[in-house]
There are 2 protein chains.
Amino acid sequence: MATNGQNGADAATTLGPEFTKEVINSMGPNTDPRLREIMTSLIGHLHDFARDVRLTSDEWLAGVNMINWAGQMSNDKRNEGQLICDILGMESLVDDITYTAATKASSNLTASAILGPFYREDHPVLKNGSTISSDTPKDAQMAYMHGRVTDAATGKPLANAEIDVWQASTNGLYEQQDPDQKDLNLRGKFITDEEGRYSLYCLRPTAYPLPPDGPAAQMLRAMDRHFYRPAHIHFLVRVPGYKQLVTQIFDRDCKYLENDTVFAVKPELAVEFKPRKGDPKAEWDLEYDIKLGAMEA
Amino acid sequence: MATNGQNGADAATTLGPEFTKEVINSMGPNTDPRLREIMTSLIGHLHDFARDVRLTSDEWLAGVNMINWAGQMSNDKRNEGQLICDILGMESLVDDITYTAATKASSNLTASAILGPFYREDHPVLKNGSTISSDTPKDAQMAYMHGRVTDAATGKPLANAEIDVWQASTNGLYEQQDPDQKDLNLRGKFITDEEGRYSLYCLRPTAYPLPPDGPAAQMLRAMDRHFYRPAHIHFLVRVPGYKQLVTQIFDRDCKYLENDTVFAVKPELAVEFKPRKGDPKAEWDLEYDIKLGAMEA
């Protein structure tokens, strides 16, 4: 029962820390210990938030409506619940926590960045040196991306590493968002050779805004923020015996590098596209090496 | 940009308080001041929560899926986003904050409780002494509810107060959830007479569980909690010049009084149903007076 009157000092509400304890203590003995840890912290922080700002019923209901709207707009092509978290920095934060925990023993690793909502499991495997653009738009600039995957600790090249690559087209859309792009356009999986090398042609990436029609967009407008993600390429790298890496690399010349609207940029993930001479297939060259951490034995 | 390395002491993540500040500072100059206050606190608490429990990407994504599912199940007959907040005590807390702020100057008021998702604006006005049950189930026990609405400070009776009353049937369903109940069953609006009196026949309320098929139910199961709300009657009281009151009264004999799954019970809202003699229309009597606070001039 919501007993009151025990925190007369706080005039904002009769429901003080005793009330929060009551909600937490309602969890039964068969609650999974990790879930109990998470819910104890979540309930405490939510209640403290409400008390700190003296959140009113109307303000809370506006938040509930936002959450319900996010779910109603989400489907297999978009995820507005995720996007709301992203614009508040939550996906970048939990990504960093997860990767930091997984790689605590190692250093010198390639940094992680968020997966985002546009990954697909079903990338086709392509030969090194081939292109992921089956449908190159007129305003695109092509780039040749290449490098090596190595063990971060020893420098040993890692053969047979799988690198999933994906990127948006110049209109800011991933193929599953865009009826005008071919299925699986701007996606591919590459396997490193004996010396850990991979290579592919892709678009030099371009900045794009988040979708303008959902609750995340409404929140961005209310917070007087811009909608743009800096130009980036996603990848996910897997080698048996090593921690999986999910990350993004960012064009260091992009004007949104310093203020990504989903806060995914880390300084070490900014890369330089250099002019490429004598290749009719690409005007830019990007060399990028990937350093993975071994699993603990 | 997510600058790191500035909080070496915290091994859980490279994204410490500086990162949180960056997200908060992304709000532009045209942000409404109250929204800025709310979002600053919300972002801080969400980030602290993630760092406190070292929330992983998979755990976060399970939360996102829960939120999206809540939206997808919500419609004009149910509100799962609200229900998730309710089982975490959030609606009771913000209701109390709101009512406390509105009535700070007064004391001796009838306590507030949450509105819940089943209120309807379109209650019919009924005469005092009539029944709200147009469809009484066989297992119901009828009660005669009556009392006075007064000014909490002066004791003056308040005439022409509007009292909206609503309750669930004995199967635990409100009429809009239940195709077998008549439209507007177990709802009514009553107007107090010159002496502030109201009276009506209703069901002696019975405990009921929350819906078992949504994300709120899944969370309750995961937290090893029961699903029940104690037996209660809702009402909303309006008189010009007085603070609106939204509350619920609870049968003090109900076994769930001490552990309402949405934490809405306050001790002063527990009431006693007494045996009623000589009235063929009701076997229980409930006298309940309502004390309202005047608006500040």
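Residues numbered from 1 in each chain as written. Chains lettered and ligands numbered in written order. Predicted model: local features only at pLDDT ≥ 70, side-chain atom pairs only at ≥ 80, totals over all residues. Heavy atoms only, no water.

Going by this rule: UniProt positions are given in the numbering used here, feature names are shortened, and annotations may be inferred rather than shown by experiment.
The name an unreviewed UniProt entry assigns to chain A is Catechol 1, from the organism Emericellopsis cladophorae. The annotation that UniProt attaches to chain A under Cofactor (unreviewed entry) is "Fe(3+)". Database annotation for chain A, UniProt heading Sequence similarities (unreviewed entry): "Belongs to the intradiol ring-cleavage dioxygenase family."

### Some words on the interface of chain B and chain A
Spelled out, the test is: In what follows, residue pairs with any heavy atoms lying within 4.5 Å of each other are defined as contacts. Take the accessible area each of two parts loses on contact, using a 1.4 Å probe, and add the two losses: that sum is the buried area. Here a salt bridge means any side-chain nitrogen of Lys or Arg lying within 4 Å of a carboxyl oxygen belonging to Asp or Glu. Pairs of N or O atoms are called polar contacts if they sit within 3.5 Å, as long as, within protein, a hydrogen donor faces a hydrogen acceptor (for residues adjacent in sequence, only side-chain-to-side-chain pairs). Going along the chain from the N terminus, every DSSP run of H or I of four or more residues is numbered as a helix, and every run of E of two or more is numbered as a strand. Amino acid classes used here: Ala, Val, Leu, Ile, Met, Phe, Trp, Tyr, Cys and Pro are nonpolar; Asp, Glu, Lys and Arg are charged; the rest, including Gly, are polar.
Counting from both sides, the interface comprises 81 residues of chain B and, opposite them, 80 residues of chain A. With both chains or domains summed, chain B and chain A bury close to 7100 Å², and 65% of this area falls on carbon and sulfur atoms. Applying the counting rule to chain B against chain A returns 2 salt bridges. Here Arg34 of chain B and Glu59 of chain A are joined by a salt bridge, their closest N and O atoms 2.7 Å apart. The interface formed by chain B and chain A contains 37 residue pairs in polar contact (both at pLDDT 80 or more). Elements with a minimum of two residues in the side of chain B that touches chain A: α1 (17-25), α2 (33-53), α3 (57-73), α4 (80-87), α5 (90-102) and α6 (215-222) of chain B. The dominant element in the side of chain B that touches chain A, judged by the number of residues it contributes, is α2 of chain B, at 17 residues. Partitioned by chemical class, the residues of the side of chain B that touches chain A number 37 nonpolar, 24 polar and 20 charged.

### Looking at the relation of the copies chain B and chain A
This is how the line gets drawn: What sets the superposition is a least-squares fit of C-alpha atoms, and only residues with pLDDT of at least 70 in both copies go into it.
Least-squares fitting of chain B to chain A yields an RMSD of 0.0 Å, with the transformation described by 0.0 Å of translation along the axis and a rotation of 180 degrees. Within this description, the copies of the chain are treated as partners about a two-fold rotation axis. Residue Gly71 of chain B, judged by its C-alpha, is the member of chain B lying nearest the rotation axis, at 2.0 Å. The share of interface residues of chain B whose copies in chain A are also at the interface is 99%, consistent with both copies meeting through the same surface.

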